[in-house]
Amino acid sequence: MSDAGSEDAAARFAPLRPKLIRIAYRMLGSVAEAEDAVQEAFLRWLATDRSAVREPEAYLRRVVTRLCLDQLKSARHRRETYIGPWLPDPIVATDDDEIDDVTLPLMLTLERLSPLERAAFLLHDVFGLGFDEIAATIGRAPEACRQLASRARTHVRAARPRFPVDKEHGLEIAAAFFAASRSGDMRQLQTLLAKDVTIYSDGGGKVPAALRPVTGLDDVMRLQTALAQRFAAHMSRLVRYGFINGLPGFVTVEQDDVLQTTALDIADGKVVAVYVTRNPDKLRHLH
C-alpha cells in the first residue's frame, strides 16, 4: 500500500476511533482490551479494499463487535478464575463530560449476559442501531437479534436507576463519604449508608483488597472502622472528585502509593453500594 493510501485510511479512521473504543470498552469492560480490539480493526481497515466499503463506520462497527465477541469467550474464563470481585476498568469523566448512562452496576449486569445478548443490547439500546445492522454484525436474523435484546433488557432493568442522582448532590455525598471515612467519623459515615449497603473491592490479587463483597450495614461499618485506623496511619491523598462509570466518587492515592478509585451507587439519598478498584493493571490509563 502506498504511503498516500495509508495516510488516507488513517485519516478516515481517526474520527471513528473514539466511538469504536466506546463500543469495545462496554463490550469488554477493559480499556486495554478495547484499545487492542480497535487497533486490530484499524489494521484490518488498512488491509481491506476500502473502495468497496460504502459505509466505513458501519463496517468498522461490525469488525470491532466481532473481535469483542471472540475476546469475550476467553474473558469469561479469566473472570471465573479472577481473585476477588471483578470490576470493569474505571473511566473517570472530566468536568465537561456528560454522565454516562451505562453505569458501573449496569456493566456488571452485562457480565451475566451471553456475549450475543450483550452485543444486541448495547448496539440497539445504547448506540441506537437497527436490528438489520445488528443482524449483519453478529450473524443472526433480525428477529433473533430483537429477542436477544429483549432478554437482555429484562435482565438489566433492575440495574438502571429509576431516579438518577443529581450530579451536584452525588458529588456532595462523595465528598462527605471521603471526609468521614478518612477522618474516622464513623457516626457521620453511618448516616450516609443504606442498611443493605455492599462494598466491592477489586485488587485482582495484586494489592490488598477484600476477597468477597462485604454486605450489610454492621459488617460494612466494622470494615470501615478497621480501615479508618489504616487511613490514620497512612494519610490518603485525594486526587479529585468526579463521576466514575456514571457514579459519583473520587480518585485517591493510598498506602504504598496505590492509586484507587471509589464509586458510590446512591438510591434515595443513601449509598447502597461502594465499588473500590485497586488493581494497578486496571488503573494504568488514569496515570
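For the structure, see preceding data.
Notes on the structure follow. All of these numbers come straight from a predicted model, not from anything done at the bench. (Residues numbered from 1 in each chain as written. Predicted model: local features only at pLDDT ≥ 70, side-chain atom pairs only at ≥ 80, totals over all residues. Heavy atoms only, no water.)

1. So, the sheet that holds strand β2 (residues 214–215)
Think of a sheet as strands paired side by side through backbone hydrogen bonds, with each pair either parallel or antiparallel.
Right, so step 1: The six strands are arranged β2-β1-β6-β5-β4-β3 in an open sheet whose pairing can be described as mixed. Unpaired on one side and paired on the other, β2 and β3 (237–244) mark the two borders of the sheet.
Right, so step 2: Most of the contacts of helix α9 (residues 167–183) go to strand β4 (residues 247–254), to which it runs at about 35°, and overall it touches β1 (193–202), β3, β4, β5 (258–267) and β6 (270–277).
Right, so step 3: Across the face of the sheet, helix α11 (residues 217–233) comes into contact with β1, β2 and β4 while running at roughly 55° to β1. (Pairing = 2+ DSSP bridges. Helix = DSSP H or I, 4+ residues; strand = E, 2+ residues; numbered from the N terminus. Contact = heavy atoms within 4.5 Å. Axes fitted to C-alpha atoms, helices over the stretch in contact; angles between N-to-C directions.)

2. Quick look at the packing of helix α2 (residues 17–28) against helix α6 (residues 115–126)
Right, so step 1: At their nearest, the axes of α2 and α6 sit 10 Å apart, and the two run at 140° to each other. Taken as axis vectors, α2 and α6 run oblique relative to one another. Crossing angle aside, the handedness with which α2 passes α6 is right-handed. Along its contact with α2, which presents Ile23, Arg26, Met27 and Leu28, the element α6 presents Arg118, Ala119, Leu122, Leu123 and Val126.
Right, so step 2: A class-by-class count of the residues in the contact of α2 with α6 yields seven nonpolar, no polar and two charged. (Parallel < 35°, antiparallel > 145°, perpendicular 65-115°, else oblique. Left-handed = near helix turned anticlockwise from the far one by under 90°. Nonpolar A, V, L, I, M, F, W, Y, C, P; charged D, E, K, R; others polar.)

3. Brief notes about the packing of aromatic side chains
Right, so step 1: Counting across every chain of the model gives seven aromatic pairs.
Right, so step 2: Here tyrosine 200 and tyrosine 275 contribute two aromatic rings whose centre-to-centre distance is 5.1 Å and whose plane-to-plane angle is 5°, an arrangement assigned as stacked. Taken together, the positions of tyrosine 200 in strand β1 and tyrosine 275 in strand β6 put the pair 75 residues apart, joining distant regions of the chain.
Right, so step 3: Exposure remark for tyrosine 275: the relative accessible area of 6% places this residue in the buried category.
Right, so step 4: Ring-pair connections join several aromatic residues into one group, and the members of that group are Phe177, Phe178, Tyr241 and Phe250.
Right, so step 5: Sitting above the plane of the tryptophan 45 ring, arginine 50 keeps its charged end 5.9 Å from the centroid.
Right, so step 6: Cation over ring: arginine 182 sits above phenylalanine 231, and NZ or CZ is 4.0 Å from the ring centre. (Phe/Tyr/Trp six-rings, centres within 6.5 Å; stacked < 30°, edge-to-face > 60°. Buried < 20%, exposed > 50% of the residue type's maximum accessible area, 1.4 Å probe, protein only. Lys NZ or Arg CZ within 6 Å of the ring centre and 35° of its normal.)

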